[in-house]
Amino acid sequence: MTRKQRRMTIIGGSLAVLALAAALVLNALRDSIVFFSTPTMVAEKHVEPGKRFRLGGLVQPGSLQRGDNLAVTFEVADGNAKLPVAFKGILPDLFREGQGVVAEGALDANGVFKADTVLAKHDETYMPKDVADALKKQGHWKDDYGAQASGAAKPAATTAQGNPQGAVR
């Protein structure tokens, strides 16, 4: 084998090993990627039990029930469909009925979403982009969500001379 053939063989073998490694990494990541879905999307796609995904929507008022050993059940809705959720653990401090929530877990055989992680929005104006987009798409978006979330502040008051109030000259 000539020197050039040896070099090409090494380069080809290296590329093959690199391609195999990339394929294995992508295959492993594919199994761990969790997509966001609304209750309507779950119903339309007929998600099979045991498949992990993120569920987002609003916690239905009156659906929150607390059980023993930190067990809670509630319903997540997006306006068209709702899905029962069971969670065992400590809920976020800002979790409450009528609020946006994202839960991560899987459906069981009875159609109940068994969540192992529950995330609540951090204040009264924040909503995850995916949840907001889903609500807009289904016509349940309130126009004041965007105005409050944008953080648009009122202009500061000024005196007749154009100085900010409270400014000392």
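Residues numbered from 1 in each chain as written. Predicted model: local features only at pLDDT ≥ 70, side-chain atom pairs only at ≥ 80, totals over all residues. Heavy atoms only, no water.

Named according to an unreviewed UniProt entry, the chain is Cytochrome c-type biogenesis protein CcmE originating from Bradyrhizobium yuanmingense. Its UniProt record, at the heading Sequence similarities (unreviewed entry), says of the chain: "Belongs to the CcmE/CycJ family." Here is the UniProt Function (unreviewed entry) comment for the chain, exactly as written: "Heme chaperone required for the biogenesis of c-type cytochromes. Transiently binds heme delivered by CcmC and transfers the heme to apo-cytochromes in a process facilitated by CcmF and CcmH." (UniProt positions renumbered as here; feature names shortened; annotations may be inferred.)

Draft legend 1. Region of interest: helix α3 (residues 129-137). All of the buried residues along α3 are Val131, Ala132, Ala134 and Leu135. Summarising the axial view, the buried residues of α3 lie within an arc of 165 degrees, below the 170-degree limit, and thus occupy one face. Among the exposed residues of α3, those oriented more than 90 degrees off its buried face are Lys129 and Lys137. Buried residues belonging to α3 abut β1 (36-37), β2 (52-59) and β6 (100-107). (Buried < 20%, exposed > 50% of the residue type's maximum accessible area, 1.4 Å probe, protein only. Helix = DSSP H or I, 4+ residues; strand = E, 2+ residues; numbered from the N terminus. Arc of directions from axis to C-beta. Contact = heavy atoms within 4.5 Å.)

Draft legend 2. Main features of the nonpolar core. Leu55, Phe74, Phe113 and Val118 are the most contacted members of the largest nonpolar core, which has 19 residues in total. Elements supplying a minimum of two residues to this core: β2, β4 (71-77), β5 (82-88), β6 and β7 (113-120). Here valine 118 is in contact with Phe74, Phe87, Leu91, Pro92, Phe95, Val101, Val102 and Ala103, once residues within four sequence places are set aside. (Core = buried A, V, L, I, M, F, W, Y, C linked by side-chain atoms within 4.5 Å.)

Draft legend 3. The pattern of salt bridges, seen in detail. Tallying each qualifying case throughout the model produces five salt bridges. Among the salt bridges present, the one from glutamate 104 reaches arginine 52, with a minimum N-O distance of 2.9 Å. Of the two residues, glutamate 104 is situated in strand β6 and arginine 52 in strand β2; the sequence distance between them amounts to 52 residues. Among the residues examined, glutamate 104 registers a relative accessible area of 18% and is labelled buried. When salt bridges with common partners are traced through the structure, they connect Arg52, Arg54, Glu104 and Asp116 into a single cluster. (Salt bridge = Lys/Arg side-chain N within 4 Å of Asp/Glu carboxyl O.)

Draft legend 4. View of the pairing of β2. In the sheet, β1 pairs with β2 via two bridges, with the strands oriented parallel. Within the sheet, the bridge partner assigned to phenylalanine 36 lies in β2 and is arginine 54. As for the winding sense of the linkage, the β-α-β connection from β1 through helix α2 (residues 39-45) to β2 is right-handed. Bridging between β2 and β6 involves seven bridges; their strand directions are antiparallel. Bridged to arginine 52 within β6 is alanine 106. Bridge analysis of β2 against β4 gives two bridges, and the strand direction is antiparallel. Considered in β4, the bridge of leucine 58 is made with alanine 77. (Pairing = 2+ DSSP bridges. Right-handed = clockwise from strand over helix to strand, strands pointing away.)

Draft legend 5. Seen up close, a nonpolar patch on the surface. Taken together, the side chains of Met8, Ile11, Leu15 and Leu18 make up a nonpolar region of the molecular surface, amounting to roughly 420 Å² of accessible area. On the secondary structure map, methionine 8 appears in helix α1 (residues 3-32). Among the residues examined, methionine 8 registers a relative accessible area of 54% and is labelled exposed. (Patch = residues over 30% accessible without salt bridge, like charges linked within 9 Å, V, L, I, M, F, W, Y side chains within 5 Å. Areas by Shrake-Rupley, 256 points an atom, 1.4 Å probe, with all protein chains shown as cover.)

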